[in-house]
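Secondary and tertiary structure notes
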Amino acid sequence: MTNLEILETWFRRVWSEEDEAAIEEMFVPDGRAVGLGEQTKGGKDEFREHEMLGPEEFKVFQRALLGLVKDVRIEIKRSITSGEWLCALCEFQGTSRQTGERVRMTGTVYGRFSGDQIIDAFNHFDFLSLFQQLGSLETGTFERCLNCR
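Residues numbered from 1 in each chain as written. Predicted model: local features only at pLDDT ≥ 70, side-chain atom pairs only at ≥ 80, totals over all residues. Heavy atoms only, no water.

1. Describing the pattern of salt bridges
Where charged atoms of side chains with opposite charge meet at close range, the side chains can pair. Applying the stated rule across the entire model yields 14 salt bridges. The salt bridge partner of D120 is R32, with a shortest N-O separation of 2.9 Å. With D120 in strand β8 (residues 117-125) and R32 in strand β1 (residues 27-34), the pair connects residues that are 88 residues apart, well separated along the chain. Overall, D120 belongs to the buried group, its relative accessible area being 5%. One salt-bridge network, in which partners are shared between bridges, spans R32, E84, R112 and D120. (Salt bridge = Lys/Arg side-chain N within 4 Å of Asp/Glu carboxyl O. Helix = DSSP H or I, 4+ residues; strand = E, 2+ residues; numbered from the N terminus. Buried < 20%, exposed > 50% of the residue type's maximum accessible area, 1.4 Å probe, protein only.)

2. Details of the packing of aromatic side chains
One pass over the full model with this rule turns up 11 aromatic pairs. Arranged with centres 5.9 Å apart and planes meeting at 80°, the rings of W15 and F61 form a pair that is edge-to-face. Of the two residues, W15 is situated in helix α1 (residues 3-16) and F61 in helix α3 (residues 54-68); the sequence distance between them amounts to 46 residues. Here W15 and F61 have matching classes, each one buried. (Phe/Tyr/Trp six-rings, centres within 6.5 Å; stacked < 30°, edge-to-face > 60°.)

3. Description of the sheet that holds β8
Within the open sheet, the 6 strands sit side by side as β4-β1-β8-β7-β6-β5. Their pairing is mixed. Each edge of the open sheet is held by one strand with a lone partner, namely β4 (51-53) and β5 (69-82). Ignoring which end each strand starts from, the neighbouring axes of this sheet average 20° apart. Lying on the sheet, α1 is in contact with β1, β5, β6 (85-96), β7 (102-114) and β8; it crosses β5 at an angle near 170°. (Pairing = 2+ DSSP bridges. Axes fitted to C-alpha atoms, helices over the stretch in contact; angles between N-to-C directions. Contact = heavy atoms within 4.5 Å.)

4. Looking at the nonpolar core
Core analysis: the largest hydrophobic core is formed by 35 residues, its most contacted members being W10, F11, W15 and F58. For this core, the leading source of residues is α1, giving 6 residues. With near-sequence residues (within four places) excluded, F11 lies in contact with S16, I74, I76, C90 and V109. (Core = buried A, V, L, I, M, F, W, Y, C linked by side-chain atoms within 4.5 Å.)

5. Some remarks on the pairing of β1
The side chains of a regular strand alternate, first on one face of the sheet and then on the other. Relative to β8, β1 runs parallel, the two being bridged by 4 bridges. The residue bridging F27 from the neighbouring strand is I118, located in β8. Where β1 meets β4, 3 bridges bridge the pair, whose relative direction is antiparallel. By the bridge assignment, R32 is partnered in β4 with L53.

6. Observations concerning the state of the cysteines
In a disulfide, the sulfur atoms of two cysteines are covalently bonded to one another. In the structure shown here, the tally under the stated rule is 0 disulfides. Free cysteine: C87, not disulfide-bonded; nearest cysteine sulfur from C90 at 8.5 Å. (Disulfide = S-S within 2.5 Å.)

Structure representation (structure tokens):
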């Protein structure tokens, strides 16, 4: 499989089919998933992007997100491959489990692959927008944050 096919298969199995076993199969045991949580400040000028290590930690994220949304579909809109790396612009769509409303967000995955498995995935998705659509954050939160002093 090409890197693009691996990522498309991951999105389909892990998110659309809610197949937790796919995480074990397709994510190396010491793999990294970065950017799917809160960024923390480690020191004066050191920021740490939330990083999940291995399939077990990723499963916690998968269960949490699928607890909020169902009928997930992630479409890769554009992609660029360079060796073992793939950068993909994605659109995430789903249905709120609480309200039944459709939700969507865009994001980017920059991943490194070996064989048919993911080694590293740097994720940058618009979770702020998603959480606003799900009712977890008030509308206008982003704008209010820009105006805070």
